[in-house]
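What follows is each chain in one-letter form.
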Amino acid sequence: MTIVLRFGFYIPVVLWADAVPMSGMLMIPKTCAYVWTMLIGYLAVKQECK
């Protein structure tokens, strides 16, 4: 789900950044989704090591 969110926020930026510069603001939630993905992975590894 987080990967879909990342691409969902990234694609409009790639397509419309020249026409709508404010679409670049979508990189903020994209980054949050990326951090969320990394946190999920970290917690899974941490739980597996117990």
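Here the structure is shown first, and the text comes after it.
Computed from a predicted structure; not experimentally measured.

Criteria and cut-off values
Residues numbered from 1 in each chain as written. Predicted model: local features only at pLDDT ≥ 70, side-chain atom pairs only at ≥ 80, totals over all residues. Heavy atoms only, no water. Helix = DSSP H or I, 4+ residues; strand = E, 2+ residues; numbered from the N terminus. Patch = residues over 30% accessible without salt bridge, like charges linked within 9 Å, V, L, I, M, F, W, Y side chains within 5 Å. Areas by Shrake-Rupley, 256 points an atom, 1.4 Å probe, with all protein chains shown as cover. Salt bridge = Lys/Arg side-chain N within 4 Å of Asp/Glu carboxyl O. Buried < 20%, exposed > 50% of the residue type's maximum accessible area, 1.4 Å probe, protein only. Contact = heavy atoms within 4.5 Å. Expected span 1.5 Å × (residues − 1). Axes fitted to C-alpha atoms, helices over the stretch in contact; angles between N-to-C directions. Parallel < 35°, antiparallel > 145°, perpendicular 65-115°, else oblique. Left-handed = near helix turned anticlockwise from the far one by under 90°. Nonpolar A, V, L, I, M, F, W, Y, C, P; charged D, E, K, R; others polar.

Secondary-structure assignment places Val-20 in the loop between α1 (2-16) and α2 (27-49). Along the primary structure Val-20 and Ile-3 are separated by 17 residues, whereas in three dimensions their C-alpha atoms are 24 Å apart.

What follows concerns a nonpolar patch on the surface. Taken together, the side chains of Ile-3, Phe-7, Tyr-10, Ile-11, Val-14, Leu-15, Trp-16, Val-20, Met-22, Met-25 and Ile-28 present a nonpolar region at the surface, about 1100 Å² in accessible area. The greatest single-element share of the nonpolar patch, amounting to 7 residues, is contributed by α1. Here Trp-16 shows up in helix α1.

Here the focus is the environment of Leu-5. By the element assignment, Leu-5 lies in helix α1. Under the relative-accessibility criterion, Leu-5 is labelled partly exposed at 31%. Each C-alpha atom, one on Leu-5 and one on Ser-23, is 15 Å from the other, the two residues being 18 residues apart in sequence. The residues touching Leu-5, leaving out its near neighbours within four places in the chain, are Ala-33 and Trp-36.

For α1, which comprises 15 residues, the first-to-last C-alpha distance of 22 Å matches the rise-based estimate of 21 Å (1.5 Å per residue) to within 8%. Buried within α1 we find Thr-2, Pro-12 and Val-13. As for α1, its buried residues are in contact with α2.

Looking now at the packing of α1 against α2. Contact geometry of α1 with α2 gives a least axis separation of 9 Å together with a crossing angle of 160°. What the angle tells us is that α1 and α2 run roughly antiparallel. When you trace α1 past α2, the crossing you get is left-handed. For the pair α1 and α2, contact is made by Thr-2, Leu-5, Arg-6, Phe-9, Tyr-10 and Val-13 and by Met-27, Pro-29, Lys-30, Ala-33, Tyr-34, Trp-36, Thr-37 and Ile-40, respectively. A breakdown of the residues in the contact of α1 with α2 according to their chemical character gives 10 nonpolar, 2 polar and 2 charged.

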